[in-house]
Amino acid sequence: GAVVSQHPSWVICKSGTSVKIECRSLDFQATTMFWYRQFPKQSLMLMATSNEGSKATYEQGVEKDKFLINHASLTLSTLTVTSAHPEDSSFYICSAPDKTSTDTQYFGPGTRLTVL
Amino acid sequence: QKEVEQDPGPLSVPEGAIVSLNCTYSNSAFQYFMWYRQYSRKGPELLMYTYSSGNKEDGRFTAQVDKSSKYISLFIRDSQPSDSATYLCAMSARTGGFKTIFGAGTRLFVKA
């Protein structure tokens, strides 16, 4: 099946710094990618939809200036958490739909962010 | 009312039992129905995918969709300790731009 990778798999940073997370579709092109956030023992919360060549669409309550999304190519989307705070610590997961086959979401392995 | 309702459990069963996991939903536009398995500290892994109503079987897993009742199920036969994980139902509609809505996830424990 289709593969989506994320990098890094985990990161620890200091408050006030910025962290970039990459999401790549390895064997298919993705004009759209989704970014989710998951707190412990909770389900996935959609943060934003990343669109190749245009601005991302953010869900209600998600600060677009804090969570910068760039979809630079058909296989790469990045999420930058700016001026990170401890409450931003979470598990961030990206996904991409494979429109050429079953329209199924393929998820990356996730990035665990810890802000000290 | 949430768009997708799923009992969070936890659900504990003995090895070899048949497990039934369920979700209900309110949006009749949903066409694509998925079940994902998520192990602790990992990303979700697609288990089953069903388009519209009907049944789908893959090994020990059977997915059922009843659109008239807005109800989907995942059955696991001969459950194994390695099946212990959180199971998330998910659904989407083409008209929604493939925006996937997830259930809360059901934590399953299969005891050896």
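Above this text sits the structure in question.
Enquirer: Is there a simple way to explain the sheet that holds strand 8 (residues 76–81) of chain A in this structure?
Expert: Within a sheet, each strand pairs with its neighbour through backbone hydrogen bonds, oriented either parallel or antiparallel. Residues and elements named next belong to chain A. Pairing is antiparallel in the open sheet, where 4 strands are placed in the order 1-3-8-7. Every interior strand has two partners, whereas the edge strands, strand 1 (4–7) and strand 7 (67–73), have only one. Ignoring which end each strand starts from, the neighbouring axes of this sheet average 15 degrees apart. Examined bridge by bridge, strand 3 (residues 19–25) and strand 8 share 6 bridges and lie antiparallel to one another. Directly across from Lys 20, in strand 8, lies its bridge partner Thr 80.

Enquirer: Help me understand the packing of aromatic side chains in this model?
Expert: Ring pairs (aromatic) are described by centroid distance and by the angle formed between their planes. Counting across every chain of the model gives 11 aromatic pairs over all chains. Seen in terms of ring centroids, Phe 107 of chain A and Phe 102 of chain B are 5.5 Å apart; in terms of plane orientation they differ by 70 degrees. Their pairing is edge-to-face. With Phe 107 of chain A in strand 10 (residues 105–107) and Phe 102 of chain B in strand 10 (residues 101–102), this pair bridges two chains. Plain terms: the ring middles of Tyr 36 of chain B and Phe 102 of chain B are 5.9 Å apart, the flat faces sit at 50 degrees to each other, and that makes the pair tilted. With Tyr 36 of chain B in strand 4 (residues 32–38) and Phe 102 of chain B in strand 10, this pair connects stretches of sequence that are 66 residues apart. Each member of the pair, Tyr 36 of chain B as well as Phe 102 of chain B, carries the same accessibility label: buried. Joined through ring pairs, the aromatic side chains of Tyr 36 and Phe 107 of chain A together with Tyr 36 and Phe 102 of chain B make up one cluster.

Enquirer: Would you mind going over the state of the cysteines with me for this structure?
Expert: Simply put, the disulfide is a covalent bond whose two ends are the sulfur atoms of two cysteines. Residues and elements named next belong to chain A. Scanning all chains against the criterion turns up 2 disulfides over all chains. Cys 23 shares a disulfide with Cys 94; S-S distance 2.0 Å. Looking down the S-S bond of the Cys 23 and Cys 94 bridge, the torsion is 80 degrees, so its handedness is right-handed. Of this pair, Cys 23 sits in strand 3 while Cys 94 sits in strand 9 (residues 90–97), placing them 71 residues apart in sequence. Assigned by exposure class, Cys 23 and Cys 94 land together as buried.

Enquirer: Would you explain the pairing of strand 5 (residues 44–51) of chain A in this entry?
Expert: Successive side chains on a regular strand alternate, one facing one side of the sheet and the next facing the other. Residues and elements named next belong to chain A. The buried fraction of strand 5 amounts to 7 of the 8 residues, a majority that puts the element mostly inside the structure. Judged from the 7 bridges that link them, strand 4 (residues 32–38) and strand 5 form a sheet pairing that is antiparallel. Bridged to Thr 32 within strand 5 is Asn 51. The hairpin turn running from strand 4 into strand 5, its antiparallel successor, is 5 residues long, and Lys 41 in that turn takes a positive phi close to 60 degrees. Looking at chain direction, strand 5 and strand 6 (residues 57–58) are connected through 2 bridges and run antiparallel. Bridge pairing in strand 6 places Thr 49 opposite Thr 57. In sequence, strand 5 turns back onto strand 6 through a hairpin of 5 residues, with Gly 53 there showing a positive phi of about 80 degrees.

Enquirer: Sorry if this is basic, but what is going on with unusual backbone geometry here?
Expert: Most of the time, phi is negative for any residue but glycine, and the peptide bond is trans. The residue after His 7 of chain A, namely Pro 8 of chain A, is reached through a cis peptide bond having omega 0 degrees. Here Pro 8 of chain A lies in the loop between strand 1 and strand 2 (10–13). In the segment running from Gly 9 of chain B into Pro 10 of chain B, the intervening peptide bond is cis, with an omega of 10 degrees. Among the secondary structure elements, Pro 10 of chain B is positioned in the loop between strand 1 (4–6) and strand 2 (11–14). Of note in this structure, Ser 52 of chain B is not a glycine but carries a positive phi near 60 degrees. With respect to the element layout, Ser 52 of chain B can be found in the loop between strand 5 (45–51) and strand 6 (54–58). In this model, Asp 78 of chain B sits at a positive phi of 45 degrees, which is unusual for a non-glycine residue. With respect to the helices and strands, Asp 78 of chain B occurs in the loop between strand 8 (71–76) and strand 9 (85–92). Relative accessible area serves as the criterion here: at 43%, Asp 78 of chain B is assigned to the partly exposed category.

Calculation notes
Residues numbered from 1 in each chain as written. Chains lettered and ligands numbered in written order. Predicted model: local features only at pLDDT ≥ 70, side-chain atom pairs only at ≥ 80, totals over all residues. Heavy atoms only, no water. Pairing = 2+ DSSP bridges. Helix = DSSP H or I, 4+ residues; strand = E, 2+ residues; numbered from the N terminus. Axes fitted to C-alpha atoms, helices over the stretch in contact; angles between N-to-C directions. Phe/Tyr/Trp six-rings, centres within 6.5 Å; stacked < 30°, edge-to-face > 60°. Buried < 20%, exposed > 50% of the residue type's maximum accessible area, 1.4 Å probe, protein only. Disulfide = S-S within 2.5 Å.

Take it as geometry only, folks, not as evidence of what the structure does.
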